[in-house]
Each structure stands twice: as structure tokens, then as C-alpha cells.
Amino acid sequence: MAEILDLIFSHRFQGKMWKMVIDSAGVSLAVELRSDTSLEVKFLYLNINTREIIEAKIGDADWWTSLSNVDKGILELKKYESEGNPTLKELIIWDVASQKQVKTDISKME
């Protein structure tokens, strides 16, 4: 039998919700939003306990950047060469609280 979840909150996002990743502790999630018309990509961090939404203002993010993981306010993003060349170009580790890149080390990728 299916269960019905209690709706805790709702929010309308600008753009299409492309991907959503929840952290292992279950207290936060990250959302990747995309706009087909402007080819913009945005990443949001949501604290489920406080219902706070913070946009990760990553200057290097473009259409070829994709959300990979989230953990304790740290976003992991993978940036690829292009659609025709899906080679991993860069790994971006972003601290949402400080709005700064923590490190980039493509050699540690799987």
C-alpha cells in the first residue's frame, strides 16, 4: 500500500528542476535548475530543517556544469567539455556558506 507524505513546504522555482540531490544525513538538498531559453544553470541549497534556500553563485558554472553531490553545505559539481565531448573538464567543490570554491582536483574523480 502506498503512503502519503505530509507536505512540509512548497516553493516555485524559476526554471526547470533538472536534478535534485539529498545529503546522506537527510538535512539538506541541492537543486539544479535550468532555463532552455537562456541556457542558464543555477544551483540552490535547501536546508530542510530551517527551510532556508541559498543560491550558490558559482561564476564558472555554465550549461555543461552538473550537480553531482551535496554534503554539509558543500556542493560537488562536474563540468564537462561539451555535448559532443562528454569528457570531465573540471570538478568544482563549492562551500555554500562562504560562497567560495573549496578545491578543484579532477585526479580524485572516480
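Remember, predicted model here, so these are calculated numbers, not experimental data.

A. Local environment of the pattern of salt bridges. Counted under the stated rule, the structure contains 3 salt bridges. Salt-bridge contacts for Lys16 lead to Asp36; the nearest nitrogen and oxygen are separated by 2.6 Å. With Lys16 in strand 1 (residues 16–22) and Asp36 in the loop between strand 2 (28–35) and strand 3 (40–47), the pair connects residues that are 20 residues apart, well separated along the chain. Take Lys16: its relative accessible area is 47%, and that puts it in the partly exposed class. Among the ionic pairs, Lys79 bridges to Asp62, the shortest N-O distance being 3.7 Å.

B. Highlighting the sheet that holds strand 7 (residues 88–95). Read from one edge of the open sheet, 4 strands run 5-6-7-8, paired in antiparallel fashion. Taken across any chain shown, the strands that pair with only one partner, and hence form the sheet edges, are strand 5 (65–71) and strand 8 (100–103). Each strand of the sheet is rotated relative to its neighbour by a mean of 35 degrees, with strand direction disregarded. Here strand 7 runs beside strand 8; their pairing, made up of 3 bridges, is antiparallel. Looking across to strand 8, one finds that Trp94 is bridged to Gln101.

C. Spatial organisation of unusual backbone geometry. Positive phi outside glycine occurs at Lys72, with the angle close to 50 degrees. For Lys72, a relative accessible area of 71% puts it in the exposed group. Backbone geometry at Gln99 places phi at a positive 55 degrees, although glycine is not the residue there. Secondary-structure assignment places Gln99 in the loop between strand 7 and strand 8.

About the criteria used
Residues numbered from 1 in each chain as written. Predicted model: local features only at pLDDT ≥ 70, side-chain atom pairs only at ≥ 80, totals over all residues. Heavy atoms only, no water. Salt bridge = Lys/Arg side-chain N within 4 Å of Asp/Glu carboxyl O. Helix = DSSP H or I, 4+ residues; strand = E, 2+ residues; numbered from the N terminus. Buried < 20%, exposed > 50% of the residue type's maximum accessible area, 1.4 Å probe, protein only. Pairing = 2+ DSSP bridges. Axes fitted to C-alpha atoms, helices over the stretch in contact; angles between N-to-C directions.

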